[in-house]
Amino acid sequence: MNILVTGGAGFIGSHTVVSLVEAGFNPVIVDDFSNSEPSVLSGLKKIVGREVSCHVLDCNNYPAMRQILRDEKIAGVIHFAAFKAVGESMQEPLAYYRNNLGSLLTLVDAMLAEGISNLIFSSSCTVYGEPDTSPVTEQTPIKPAASVYGNTKQVGEEILRDVSAVKPLKSLSLRYFNPIGAHPSALIGELPRGVPSNLVPFVTQTAAGLRESLTIFGNDYPTPDGTCIRDFIHIMDLAEAHVAALQYALNKSESSFYDTFNLGTGQGNTVLELVKTFEKVSGKPLPYSIGPRREGDVVAVWADVKNRANYSAGKPGVRSRKRLRMPGAGSSVYRLYLRHDEPHRKSRSPGQRGVRPLHYRRRGERGGLCTGCCFAWPESRTYREDRFCC
Ligand SMILES: NC(=O)c1ccc[n+]([C@@H]2O[C@H](COP(=O)([O-])OP(=O)(O)OC[C@H]3O[C@@H](n4cnc5c(N)ncnc54)[C@H](O)[C@@H]3O)[C@@H](O)[C@H]2O)c1
């Protein structure tokens, strides 16, 4: 079954492509590479063992999108394509509204015109704005968005809810918390263009020596260590949740519906905890400083993943339901990092007993950067000998 993945060369999209192939689907990517590299496709090819079809295209292009939906005989769509930097969205609101809402409107229009009804939408916990309490359930009241980016997700959800009410559209909004990590092969991962706006790629690029120092935005928040609290979820769990959500939509007999899901671990960790965990796991101190608060950041948000236990009983299957509940993500950032290196457990050195490094060298490789650091720093894929490496 062919599934269109818009933004499929990006961080979450590329990992979802892997999970789709593993589940027996045939993903077809549309991406304009505005925030990703074509090299992601060769990483995907190595992981899944075949080419993944990719159309290099802005998904605001209505005629081209219709043509692809028709020619590729698409059965469902996972819509990742969007701009996602909170800070940038406050500086470039028009670009964010145009891209994030324009692409959604174009896509839904094209899907309805081609009679395609199954749509999974990348939403975000930013829709909760600054919640009164955490954890948040899907029923937690939506507050005014703290950023233009957050508002594009709120309005995107409203568009889907309203269209699904009157048109044959089966849509699910997945509200991601904070995806981190990479496929265990490290052939794909989080590789934004330019300076990363997300925490973990900035951490890894700093560790790799590409960035001088990490800035933590504010340590005077009302949290245990003063830094913001987030719910860090492993990217492969998030990817698999998309497959479960897609199967759920495909199996639903109604011709239209709309629903929302939180995709988090149910555990909050502070930004500083994540940084300290990285240092502990990698065994290297990370240069960081405390900067002023960043506009658009909420203080604390993590997911309540308990309330929907009976949601999909019998539909996507036990494993999928578990993935939608996210228990597999582990209960702490530390365990997420351990998971990252699982296939390489045997290669850890005696000094690292019980703690595996975040990154690892390719088998047989000597010196230079490990795959994780190379990943964080594309120009370094020649494995330079003189570079710091965890
Ligand atoms: N990463 C996070 O922390 C996070 C959290 C919550 C929600 N989300 C949402 O998940 C989705 C994917 O996020 P990501 O982290 O993978 O981002 P990403 O930037 O890595 O991936 C997005 C991909 O979409 C592409 N793209 C953007 N606009 C496009 C357009 N008009 N036409 C075609 N391709 C386009 C980019 O080139 C990129 O490859 C986004 O909608 C984002 O808002 C991300």
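Look above for the structure.
In short, a report on the structure.

1. Focus: the sheet that holds strand 3 (residues 53–56)
1) Next: Strand order in this open sheet of seven strands is 3-2-1-4-5-6-11, and the pairing throughout is parallel. Edge positions in the sheet fall to strand 3 and strand 11 (257–263), since each has one partner strand and no second. Taken over all neighbouring pairs, the strand axes of this sheet differ in orientation by 20° on average, direction set aside.

2. Examining the pairing of strand 5 (residues 118–124)
1) Next: Where burial is concerned, most of strand 5 is hidden: seven out of the seven residues are buried.
2) Next: Of the two faces of strand 5, the one carrying Asn118, Ile120, Ser122 and Ser124 and the one carrying Leu119, Phe121 and Ser123 are both buried.
3) Next: Taken together, the four bridges between strand 4 (residues 74–79) and strand 5 define a ladder with parallel strand orientation. Bridge pairing links valine 77 to leucine 119 in strand 5.
4) Next: Strand direction decides the pairing type here: strand 5 and strand 6 (residues 170–176), joined by seven bridges, are parallel. From the neighbouring strand, asparagine 118 faces strand 6, where its bridge partner is lysine 170.
5) Next: Read as a crossover between parallel neighbours, the route from strand 5 over helix 6 (residues 148–166) to strand 6 is right-handed.

3. Observations concerning the site of the ligand
1) Next: Inspection of the region around the ligand gives 30 residues, with Gly7, Gly10, Ser36, Ala82 and Ser122 positioned closest.
2) Next: Among the elements that take part in the shell around the ligand, helix 1 (residues 11–22) stands out by supplying three residues, more than any other.

4. Considering the pairing of strand 4
1) Next: With five of six residues buried, strand 4 is to be regarded as a mostly interior element.
2) Next: Bridge count between strand 1 (residues 2–6) and strand 4: five bridges; the pairing is parallel. The partner of threonine 6 across the bridge, within strand 4, is histidine 79.

5. Observations concerning the environment of valine 40
1) Next: Residue placement: valine 40 occurs in helix 2 (residues 39–48).
2) Next: Remark: the alpha-carbon pair of valine 40 and phenylalanine 11, spanning 29 residues in sequence, is separated by 9.3 Å.
3) Next: Apart from residues no more than four positions distant in its own chain, valine 40 is found in contact with Ala9, Ser14 and Ile188.

6. Things to note about the nonpolar core
1) Next: With 89 residues, the main nonpolar core has Ile3, Leu4, Ile120, Leu174 and Ala245 as its most contacted residues.
2) Next: With 11 residues, the single largest contributor to this core is helix 8 (residues 235–251).
3) Next: Not counting residues up to four positions away in its chain, the partners in contact with alanine 245 are Ile120, Leu172, Leu174 and Phe261.
4) Next: Among the nonpolar cores identified, the runner-up in size contains five residues, and Ala85, Tyr96, Val148 and Tyr149 belong to it.

7. Quick notes on the environment of alanine 23
1) Next: Counting through the fold element by element, alanine 23 comes out in the loop between helix 1 and strand 2 (26–31).
2) Next: Separated by 224 residues in the primary sequence, alanine 23 and glutamine 247 have C-alpha atoms spaced 9.9 Å apart.

8. Structural notes on helix 5 (residues 93–113)
Since the α-helix turns once every 3.6 residues, residues separated by three or four places project in the same direction.
1) Next: Helix length check: helix 5, at 21 residues, gives a terminal C-alpha distance of 29 Å against a target of 30 Å (1.5 Å per residue), a fit within 8%.
2) Next: Residues of helix 5 that are buried include every one of Tyr96, Asn99, Asn100, Ser103, Leu104, Thr106, Leu107, Val108, Ala110 and Met111, and no others.
3) Next: Looking at the buried side of helix 5, the elements it contacts are strand 1, helix 3 (62–71), strand 4, helix 4 (86–91), strand 5 and helix 6.

9. Here's the deal with the packing of helix 7 (residues 199–207) against helix 9 (residues 271–282)
1) Next: Following both chains from N to C, one finds helix 7 and helix 9 inclined at 40°, their axes separated by 11 Å at the closest point. Once helix 7 is placed against helix 9, the crossing between them reads as right-handed. When helix 7 is examined against helix 9, the residues Leu199, Val203 and Ala207 are found in contact with a partner set consisting of Val271, Leu274, Val275, Phe278 and Ser282.
2) Next: Along the lines of polarity and charge, the residues of the contact of helix 7 with helix 9 split into seven nonpolar, one polar and no charged.

Rules of the game
- Residues numbered from 1 in each chain as written.
- Predicted model: local features only at pLDDT ≥ 70, side-chain atom pairs only at ≥ 80, totals over all residues.
- Pairing = 2+ DSSP bridges.
- Helix = DSSP H or I, 4+ residues; strand = E, 2+ residues; numbered from the N terminus.
- Axes fitted to C-alpha atoms, helices over the stretch in contact; angles between N-to-C directions.
- Buried ≥ 20, exposed ≤ 12 C-beta atoms within 10 Å, placed from the backbone.
- Right-handed = clockwise from strand over helix to strand, strands pointing away.
- Near = placed C-beta within 6 Å.
- Contact = placed C-beta atoms within 7 Å.
- Core = buried A, V, L, I, M, F, W, Y, C linked by C-beta atoms within 7 Å.
- Expected span 1.5 Å × (residues − 1).
- Left-handed = near helix turned anticlockwise from the far one by under 90°.
- Nonpolar A, V, L, I, M, F, W, Y, C, P; charged D, E, K, R; others polar.

Purely spatial values, then, with no claim about function.
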